[in-house]
Amino acid sequence: MTEKRIIFVFNDAELHSPALIREARNLAALKMPEPRRGRDFLCNLLRDLDDVNFINAVGQIIEVDLAVFGVSDHEIDIGDAARINELIADWFEYTCQPVPDDITSYVQAHTRERFRVLATILIAAYPEEVKDWPRIIPANDNWVLEAANASNHNREDKDGDEQEEI
């Protein structure tokens, strides 16, 4: 079994970096053929990223959750699903427009988790395009090594047989 790549989740400091936000938006604009179908696009990218361990801010391997692009049971119950889906499609359409260098780009507080997921998946899916991004990685990376080592040790048992990954 090949070793999984480690991708850091787009963190809080990066969500406040106009340069990184611009980079992510420009990459989304370049790669996403139909922004209003952004949820499907991200779902397909994520499906193909089985070679990636996503690491959160505290060094844990996590699953990227696309629920931030979904409709809650409550919204369905009150008949608001169509409106919420339209708002999410509008968000993708706006967010996936190119941003010129002379514009300072920000992420609104109520959409930060959506943007975090979008940027994280793009970073994992397009490593060549993002290799020069000015990522802000936590200063203490000891937990990153521990997480990577734990991930590698959980792949095989003592007999060398493959085991289900966490």
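The rules behind the values
Residues numbered from 1 in each chain as written. Predicted model: local features only at pLDDT ≥ 70, side-chain atom pairs only at ≥ 80, totals over all residues. Heavy atoms only, no water. Pairing = 2+ DSSP bridges. Helix = DSSP H or I, 4+ residues; strand = E, 2+ residues; numbered from the N terminus. Contact = heavy atoms within 4.5 Å. Axes fitted to C-alpha atoms, helices over the stretch in contact; angles between N-to-C directions. Core = buried A, V, L, I, M, F, W, Y, C linked by side-chain atoms within 4.5 Å. Buried < 20%, exposed > 50% of the residue type's maximum accessible area, 1.4 Å probe, protein only. Salt bridge = Lys/Arg side-chain N within 4 Å of Asp/Glu carboxyl O. Expected span 1.5 Å × (residues − 1). Phe/Tyr/Trp six-rings, centres within 6.5 Å; stacked < 30°, edge-to-face > 60°. Lys NZ or Arg CZ within 6 Å of the ring centre and 35° of its normal. Parallel < 35°, antiparallel > 145°, perpendicular 65-115°, else oblique. Left-handed = near helix turned anticlockwise from the far one by under 90°. Nonpolar A, V, L, I, M, F, W, Y, C, P; charged D, E, K, R; others polar.

Undergrad: I'd love a proper account of the sheet that holds strand β1 (residues 5-8), names of residues and values included.
TA: Reading across from one edge, β1-β2-β3 is the order of the three strands in this open sheet, with mixed pairing throughout. On the outer flanks of this sheet lie β1 and β3 (61-62), each paired with one strand and no other. Strand direction decides the pairing type here: strand β2 (residues 52-55) and β3, joined by two bridges, are antiparallel. Each residue of the ladder has a partner; that of Phe54, found in β3, is Ile62. Together, β1 and β2 form the strand contacts of helix α6 (residues 112-125), whose direction differs from that of β1 by roughly 150°.

Undergrad: Can you lay out the nonpolar core for me, pointing to particular residues and giving the numbers?
TA: Core analysis: the largest hydrophobic core is formed by 36 residues, its most contacted members being Leu42, Phe92, Phe115 and Leu118. Ranked by the residues each element gives to this core, the list is headed by α6, at eight residues.

Undergrad: Quick rundown of the pattern of salt bridges? Include the residues and the values.
TA: Within the structure shown, the criterion is met by 12 salt bridges. One salt bridge in this structure joins Arg83 and Asp80, with 2.8 Å as the shortest N-O distance. Classification of Asp80 by relative accessible area gives buried; the value is 17%. Across the salt bridge formed by Glu128 and Lys131, the nearest N and O atoms sit 3.0 Å from each other. Residue classification places Lys131 among the exposed residues on the basis of a relative accessible area of 55%. In this structure, a network of salt bridges that share partners links the residues Arg36, Glu86, Asp90 and Glu93.

Undergrad: Give a description of the pairing of β2 that names residues and reports values.
TA: Burial along β2 is two-sided: the face carrying Val52 and Phe54 and the face carrying Asn53 and Ile55 are both buried. Bridge analysis of β1 against β2 gives four bridges, and the strand direction is parallel. What sits directly across from Arg5, in β2, is Val52. Counting the residues that bridge the hairpin from β2 to β3 gives five residues, and of these Gly59 lies at a positive phi of roughly 85°.

Undergrad: Lay out α6 with the relevant residues and their values.
TA: In a regular helix each residue adds 1.5 Å, so 14 residues correspond to 20 Å; α6 covers 20 Å between its end C-alpha atoms and thus fits that length. With 11 of 14 residues buried, α6 is to be regarded as a mostly interior element. Taken as a whole, α6 has its buried residues at Arg114, Phe115, Arg116, Val117, Leu118, Ala119, Thr120, Ile121, Leu122, Ile123 and Ala124.

Undergrad: Residue-level account of the packing of aromatic side chains, with values.
TA: If you walk through the whole model with that rule in mind, you get four aromatic pairs. Look at Phe10 and Phe115: their rings are 5.9 Å apart centre to centre, the planes differ by 65°, and that puts the pair in the edge-to-face class. Linking Phe10 in the loop between β1 and α1 (12-15) with Phe115 in helix α6, this pair joins segments that are 105 residues apart in sequence. For the pair Phe10 and Phe115, one class covers both residues: buried. Here the aromatic residues Phe69, Trp91 and Phe92 are joined through ring pairs into a cluster of three or more. It is Arg25 that lies over the ring of Tyr94; its NZ or CZ is 4.7 Å from the centre.

Undergrad: How would you sum up the packing of helix α3 (residues 38-47) against α6? Please name residues and give values.
TA: One can describe the packing of α3 onto α6 by two numbers: an axis separation of 10 Å at closest approach and a directional angle of 45°. Viewed along their axes, α3 and α6 adopt a mutual orientation that is oblique. In this structure, α3 meets α6 at a crossing whose hand is left-handed. Here α3 contributes Phe41, Leu42, Leu45 and Leu46 to the contact with α6, which in turn contributes Leu118, Ile121, Leu122 and Ala125. Looking at the contact of α3 with α6 residue by residue, the classes come out as eight nonpolar, no polar and no charged.

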